[in-house]
Amino acid sequence: MEPIQLIFANNLKQLRLQRGLSLEQTAHLCGVSKSMLAQIERGATNPTISTIWKISNGLKIPFTDLMSRPQNDVDVVHLREMKPFLESGGSYRNYPLFDFTSDRHFEVLYIELDPGTSLQSEAHPQGTQEFLTVFSGEVKITIHEGTFSVADGSAIRFRADQVHTYENTSDTLCRISMIISYR
């Protein structure tokens with residue numbers, strides 16, 4: 001299986017060229033430096049989750065559009081074979097399990113947060129919702145409407161078209177299944 005950063009690199013470059021955008025124009029749209037975009041397109045760096053969100057929001061596409069692999073009738077995904085996207089010094093790990101496609105308007109992610117880890121997420125495109133199920137630990141979700149604690153065996157749905165924060169408030173690894181649904 002091709003490494004996700006190379007799939008991401010190829011998809012970003014192909015999308016940029018299809019839209020007739022230069023690296024400089026893309027950098028302006030996304031708020032990511034031209035040199036960083038060039039490194040990503042060469043596969044020379046594994047971008048952070050924040051950088052991926054900036055790119056996807058700037059190009060107005062779902063997060064996993066940039067990580068889409070060719071579709072098969074059956075896909076089996078093994079976490080041990082995946083290289084996660086990292087944030088917060090590696091204490092937040094994002095494994096993109098199933099990509100958004102034109103006929104499936106959602107993506108599925110597996111998230112791990114080490115104890116005490118916190119991550120603020122940019123607002124996603126208008127109408128986006130997140131569906132989180134917590135399988136271990138406890139996560140505090142902060143959004144405009146307030147703060148919500150979701151523990152092992154519980155789930156939450158919220159509008160993700162606003163800035164939101166995840167924080168592992170437990171003393172154990174927090175494991176989350178995340179489905180992001182795009183309108």
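Our structure is the block above this text.
The residue numbers shown here count from 1 along each chain, following its written sequence. Residues qualify for local features only when their pLDDT is at least 70, as the model is predicted, and side-chain atom pairs are given and counted only at 80 or more; totals for whole chains, interfaces and linings, by contrast, use all residues. Just so you know, side-chain values use all the structure's heavy atoms and leave hydrogens and water out.

Undergrad: Which residues make up the overall build of the protein, and what values go with them?
TA: The numbering of helices and of strands both runs from the N terminus, where a helix is a DSSP run of H or I of at least 4 residues and a strand a run of E of at least 2. Along its length, the protein carries 4 helices and 10 strands. Listing each helix as α and each strand as β along the protein from the N terminus yields α-α-α-α-β-β-β-β-β-β-β-β-β-β. When we talk radius of gyration, it's over C-alpha atoms, and the globule rule is simply 2.2 Å times the number of residues to the 0.38. Taking 183 residues into account, the globule formula puts the C-alpha radius of gyration at 16 Å, and the protein, at 16 Å, falls close to it. With respect to the three principal axes, the spread of C-alpha positions in the protein is 45 × 35 × 35 Å. Each residue gets one of three labels from its accessible area relative to the maximum for its type: buried under 20%, exposed over 50%, partly exposed in between, using a 1.4 Å probe on protein chains only. Residue burial in the protein is summarised as follows: out of 183 residues, 47% are buried. Long-range contacts, defined here as pairs at least 24 residues apart, represent 66% of the contacts in the protein between residues at least 6 apart. Each accessible area value is a Shrake-Rupley result obtained with a 1.4 Å probe; residue values ignore everything except the protein chains displayed when judging cover. By element, 49% of the accessible surface of the protein is carried by carbon and sulfur atoms, the whole surface being about 9,300 Å². Whether two residues are in contact is decided by their heavy atoms, any of which lying within 4.5 Å being enough.

Undergrad: Let's hear about the pattern of salt bridges: which residues, and what values?
TA: A pairing counts as a salt bridge when a side-chain nitrogen of Lys or Arg comes within 4 Å of a carboxyl oxygen of Asp or Glu. Taken as a whole and judged by the stated rule, the model has 6 salt bridges. One salt bridge connects Arg159 with Glu145, and the closest N-O pair in it is separated by 3.6 Å. Of this pair, Arg159 sits in strand E8 (residues 155-159) while Glu145 sits in the loop between strand E6 (138-143) and strand E7 (146-151), and the two are 14 residues apart along the sequence. Note on Arg159: relative accessible area 42%, which makes it partly exposed. On the basis of relative accessible area, Glu145 is assigned to the partly exposed category, the value being 47%.

Undergrad: Explain the pairing of strand E2 (residues 92-98) to me, and be specific about the residues and the numbers.
TA: In terms of burial, E2 is largely enclosed, as 6 of its 7 residues are buried. In terms of strand pairing, strand E1 (residues 85-87) meets E2 through 3 bridges, oriented antiparallel. In the sheet register, Glu87 faces E2, and the bridge partner there is Tyr92. Once E1 ends, the chain turns through 4 residues before running back antiparallel as E2, passing Ser88 with a positive phi of about 55°. We call two strands paired when DSSP finds no fewer than two bridges between them. Relative to strand E3 (residues 106-113), E2 is paired through 6 bridges, and the arrangement is antiparallel. In the sheet register, Tyr92 faces E3, and the bridge partner there is Leu113.

Undergrad: Explain the packing of aromatic side chains to me, using residue names and the numbers behind them.
TA: Two aromatic rings from Phe, Tyr or Trp, using only the six-membered ring of Trp, form a pair when their centres are within 6.5 Å; if the ring planes differ by under 30 degrees the pair is stacked, by over 60 it is edge-to-face, and anything between is tilted. Taken as a whole and assessed by the stated rule, the structure comprises 3 aromatic pairs. Geometrically, the ring pair formed by Tyr92 and Tyr166 is tilted, given 6.4 Å between the ring centres and 35° between the ring planes. Here Tyr92 is found in strand E2, whereas its partner Tyr166 is found in strand E9 (residues 164-168), with 74 residues between them in sequence. Judged by relative accessible area, which is 3%, Tyr92 ranks as buried. Assessed through its relative accessible area of 2%, Tyr166 is described here as buried. Between Tyr95 and Tyr110, the ring centres sit 5.6 Å apart and the planes meet at 45°, which makes this aromatic pair tilted. Here the residue Tyr95 occupies a position in strand E2, and Tyr110 occupies one in strand E3, the gap between them amounting to 15 residues. Exposure remark for Tyr95: the relative accessible area of 10% places this residue in the buried category. The exposure class of Tyr110 is buried, given its relative accessible area of 12%.

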